[in-house]
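# Secondary and tertiary structure notes
Here's the letter readout for the chains.
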Amino acid sequence: MHVPDGFLDAPTSIATGAVAVAAVGVALRGARRELDDKTAPLAGLVAAFVFATQMINFPVGAGTSGHLMGGALAAVLVGPWSAVLCVSVVLIVQSLLFADGGITALGTNILLIAVTTVVVGWFVTKVLLKVLPKRVGMVAPAAAIGAFVSVPAAALVFTGLYAVGGTADISLSTLATAMLGWHTIIGLGEAAITFLAVGAILSVRPDLVYAARGVIADRELVIKAKESVA
Amino acid sequence: MPAHLKVVALVGFMLVVVATPREWFAAYAFFLAVLVTVGAVARVRPGWVLKRMVVETPFVVFALLMPFIAQGPRVDVLGLSLSESGLLSAWGLLAKGTLGVIAGLLLAATTTPQELVRGLERLRMPEQLVQIMAFMVRYLEVVTDEMRRMAVARASRGFEARNPLHWPVLARSVGALFIRSFERGERVHLAMVSRGYTGRMPR
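Residues numbered from 1 in each chain as written. Chains lettered and ligands numbered in written order. Predicted model: local features only at pLDDT ≥ 70, side-chain atom pairs only at ≥ 80, totals over all residues. Heavy atoms only, no water.

- Identification of chain B as Cobalt/nickel transport system permease protein from Nocardioides albus is taken from an unreviewed UniProt entry.
- According to UniProt, the comment filed for chain B under the heading Subcellular location (unreviewed entry) is "Cell membrane". (UniProt positions renumbered as here; feature names shortened; annotations may be inferred.)

### Things to note about the overall build of chain A
- If you tally the helices and strands in chain A, you get eight helices and two strands.
- Of the regular secondary structure in chain A, the N- to C-terminal order runs α-α-β-β-α-α-α-α-α-α.
- Buried residues in chain A amount to 60% of all 230 residues.
- Long-range contacts, defined as pairs at least 24 residues apart, comprise 74% of the intrachain contacts of chain A with a sequence gap of at least 6. (Helix = DSSP H or I, 4+ residues; strand = E, 2+ residues; numbered from the N terminus. Buried < 20%, exposed > 50% of the residue type's maximum accessible area, 1.4 Å probe, protein only. Contact = heavy atoms within 4.5 Å.)

### Focus on the overall build of chain B
- Looking only at helices and strands, one finds eight helices and two strands in chain B.
- Each helix (α) and strand (β) of chain B, taken in turn from the N terminus, gives the series α-α-α-α-β-β-α-α-α-α.
- The burial tally for chain B puts 43% of its 203 residues in the buried class.
- The long-range fraction of contacts in chain B, counting pairs at least 24 apart against all pairs at least 6 apart in sequence, stands at 62%.
- As displayed, chain B has an accessible area near 11300 Å², and 65% of this comes from carbon and sulfur atoms. (Areas by Shrake-Rupley, 256 points an atom, 1.4 Å probe, with all protein chains shown as cover.)

### Considerations on the UniProt feature "transmembrane region" (unreviewed entry) in chain B
Residue and element names in this part refer to chain B.
- Under the UniProt annotation, the feature "transmembrane region" (unreviewed entry) is placed at residues 24-41, 53-70 and 90-109.
- Between the end C-alpha atoms of residues 24-41 the distance is 26 Å, and the span holds 94% helix and 0% strand.
- This span, residues 90-109, is 100% helix and 0% strand, and a straight line between its end C-alpha atoms measures 28 Å.

### Some details on the interface of chain B and chain A
- Taken together, the 69 residues of chain B in the interface contact 69 residues of chain A.
- The three residues of chain B that bury the most area against chain A are Met136(B), Trp167(B) and Phe178(B), which together make up 12% of that side's buried surface.
- Applying the counting rule to chain B against chain A returns one salt bridge.
- Put simply, Glu183(B) and Arg205(A) hold a salt bridge, and the shortest N to O gap is 2.3 Å. (Buried area = accessible area lost by both parts, 1.4 Å probe. Salt bridge = Lys/Arg side-chain N within 4 Å of Asp/Glu carboxyl O.)

### Overview of the side chain of Thr108(A)
Residues and elements named next belong to chain A.
- Checked against the element boundaries, Thr-108 lands in helix α5 (residues 106-131).
- Assessed through its relative accessible area of 0%, Thr-108 is described here as buried.
- Setting aside chain neighbours within four positions, we find Thr-108 in contact with Val-3, Leu-8, Ser-13, Thr-16 and Leu-161.

### Some details on unusual backbone geometry
- Look at Arg124(B): it is not a glycine, yet its phi comes out positive at around 65°.
- Assignment of secondary structure puts Arg124(B) in the loop between α6 (113-122) and α7 (127-156).

### Quick word on the side chain of Thr116(A)
All names here are of chain A.
- In this fold, Thr-116 is placed in helix α5.
- By relative accessible area, Thr-116 is classed as buried at 11%.
- Discounting chain neighbours no more than four positions away, the residues touching Thr-116 are Leu-111, Gly-121, Ala-153, Ala-154 and Val-157.

### A short note on empty space enclosed by the protein
- Within this structure, the stated rule accounts for four cavities of 30 Å³ or more.
- If you add up the space inside the second largest cavity, you get close to 50 Å³.
- Along its surface, the second largest cavity is lined by Pro4(A), Phe7(A), Glu56(B), Phe59(B), Val60(B), Ala63(B), Leu93(B), Leu94(B) and Gly97(B).
- For the lining of the second largest cavity, the secondary structure elements donating two or more residues are α4 (57-69) and α5 (84-110) of chain B.
- Across the lining of the second largest cavity, the residue classes break down as seven nonpolar, one polar and one charged. (1 Å grid on protein atoms, 1.4 Å probe; cavity = no way out; pocket = protein on both sides within 12 Å on 5 of 7 lines; lining within 4 Å. Points joined across faces, edges and corners; volume = space filled by probe spheres on them. Nonpolar A, V, L, I, M, F, W, Y, C, P; charged D, E, K, R; others polar.)

### Examining the pattern of salt bridges
All names here are of chain B.
- Going through the model one piece at a time under the given rule, you end up with six salt bridges over all chains.
- Between Glu-146 and Arg-184 there is a salt bridge, and its shortest N-O distance comes to 3.2 Å. Here Glu-146 is found in helix α7, whereas its partner Arg-184 is found in helix α8 (residues 167-193), with 38 residues between them in sequence.
- On the basis of relative accessible area, Glu-146 is assigned to the buried category, the value being 8%.
- The structure contains a network of salt bridges with shared partners spanning Glu-146, Arg-149, Arg-180 and Arg-184.

### Here we look at the packing of helix α7 (residues 172-204) of chain A against α8(B)
- With their axes 8 Å apart at the nearest point, α7(A) and α8(B) run at an angle of 55° to one another. Relative to α8(B), the element α7(A) is oriented oblique. Two packed elements cross with a definite hand, and for α7(A) against α8(B) that hand is right-handed. Two secondary-structure elements touch here, α7(A) through Gly189(A), Ala192(A), Ile193(A), Leu196(A), Ala197(A), Ala200(A), Ile201(A) and Val204(A) and α8(B) through Trp167(B), Pro168(B), Ala171(B), Arg172(B), Val174(B), Gly175(B), Phe178(B) and Ile179(B).
- For the contact of α7(A) with α8(B), the per-class residue count stands at 13 nonpolar, two polar and one charged. (Axes fitted to C-alpha atoms, helices over the stretch in contact; angles between N-to-C directions. Parallel < 35°, antiparallel > 145°, perpendicular 65-115°, else oblique. Left-handed = near helix turned anticlockwise from the far one by under 90°.)

### Considering the layout of surface pockets
- The computed volume of the second largest pocket comes to approximately 750 Å³.
- The wall of the second largest pocket is formed by 26 residues, among which Gly17(A), Val21(A), Ile92(A), Leu106(A) and Met125(B) lie closest to the centre.
- Of all elements in the fold, only α1 (10-35), α4 (80-98) and α5 of chain A together with α1 (3-19) of chain B reach the threshold of two or more residues within the lining of the second largest pocket.
- Among the elements that make up the lining of the second largest pocket, the one with the highest residue count is α1(A) (nine residues).
- When grouped by side-chain class, the residues that make up the lining of the second largest pocket number 20 nonpolar, five polar and one charged.

### Comments concerning the confidence of the model for chain A
- This prediction gives chain A a mean pLDDT of 81; 89% of its residues lie at or above 70.
- The secondary structure element of chain A with the lowest average pLDDT is strand β2 (residues 64-66) of chain A, at 67, and the one with the highest is α5(A), at 88. (pLDDT = per-residue confidence, 0-100.)

### Observations regarding the packing of α5(A) against helix α6 (residues 139-165) of chain A
Residues and elements named next belong to chain A.
- Where α5 meets α6, the axes come as close as 7 Å, and the angle between the chain directions of the two elements is 145°. Crossing of α5 over α6 shows right-handed handedness. Mapping the contact onto sequence places Thr-108, Leu-111, Leu-112, Thr-116, Thr-117, Val-120, Gly-121, Val-124, Thr-125, Leu-128 and Leu-129 in α5 and Val-139, Ala-142, Ala-143, Ile-145, Gly-146, Val-149, Ser-150, Ala-153, Ala-154, Val-157, Phe-158 and Leu-161 in α6.
- In the contact of α5 with α6, the residues fall into 16 nonpolar, seven polar and no charged.

Listed below in structure tokens is the structure:
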């Protein structure tokens, strides 16, 4: 899924690199508010988690399988700033230690996978949570829709970058249709897995889901009359 | 060779490769020769590199499609009508992508994760980012082991994921993995605080 070296020309790669550096810088400031001095240990473990989840294969049928990208999932779980940092670190490690995603395309990959999916996924989830009734049961569907939108959004940004610095003359409309069509399908899978995973976490530790914090704060502790134990 | 120099060399080398026009076929042979020499000097086994080049597969498929979907004048190759510029683009993608993967793997083969983290620190990567990366690298094995244990536990109960109906089971594992990772992060943080951690690593 990662963009390799040579897909976009050198000036575009350098430009996306600069944008990625700026975005990560902003995220570094924002993450301090989300996690304070816990940032490094927690974000590090969450980054390891994102890396590990990408190794879990979800069978689609007919012998093929896909895996989670996890940008929107990370945003819902730990907050957008920390998520940008976690996914960026995952991409850096993948590029340098596993040659997954080109080193010159690192800026492009951070921009697409770490920034776009996280920001879009978070924004959509947040807006939906504002609109939907304030119940814990609404968090997982909102996260799923956020995840669904985040994938084609990244594909759209990629198409835009390709229009600026692409190295092949495929007509843009062909590319946009192919990218959007294909990534809408991928987005469906991403949405389903995000929905199920967020739901599973909500039922065990709802306090760990960053997006659910506003909803949980409104809940009151209800003590029910205890049945007499025989 | 120190890791930070290797990273700088890799970035510089790949920028040159990416900026080279794809019509300069001889230049690519030269780049490949450079990489083969580096690999030979560093005693990296070719088999190790070849096995890990599978990460490139999706883009090989994309590159192979290129001659069919690109525009421009067409040429006939073996009875197929292919786009000339598409062929050239496919060649450019494959050449640059492959060189990138080989160069990246050479770095990975000769550098331990710890060395890499220290190298990036010397390259003035923001301290917070370095720390996050250090923790990630340190706990990567722990977390993937945890995941593997869950897979073994599932398999020993007769579970085998075959179709989307099995996704809820896998997703619950993802959820459990997150909770375990996050709680481990909290424990590690508390353990560090009790040993005098104030938000930055001692030198």
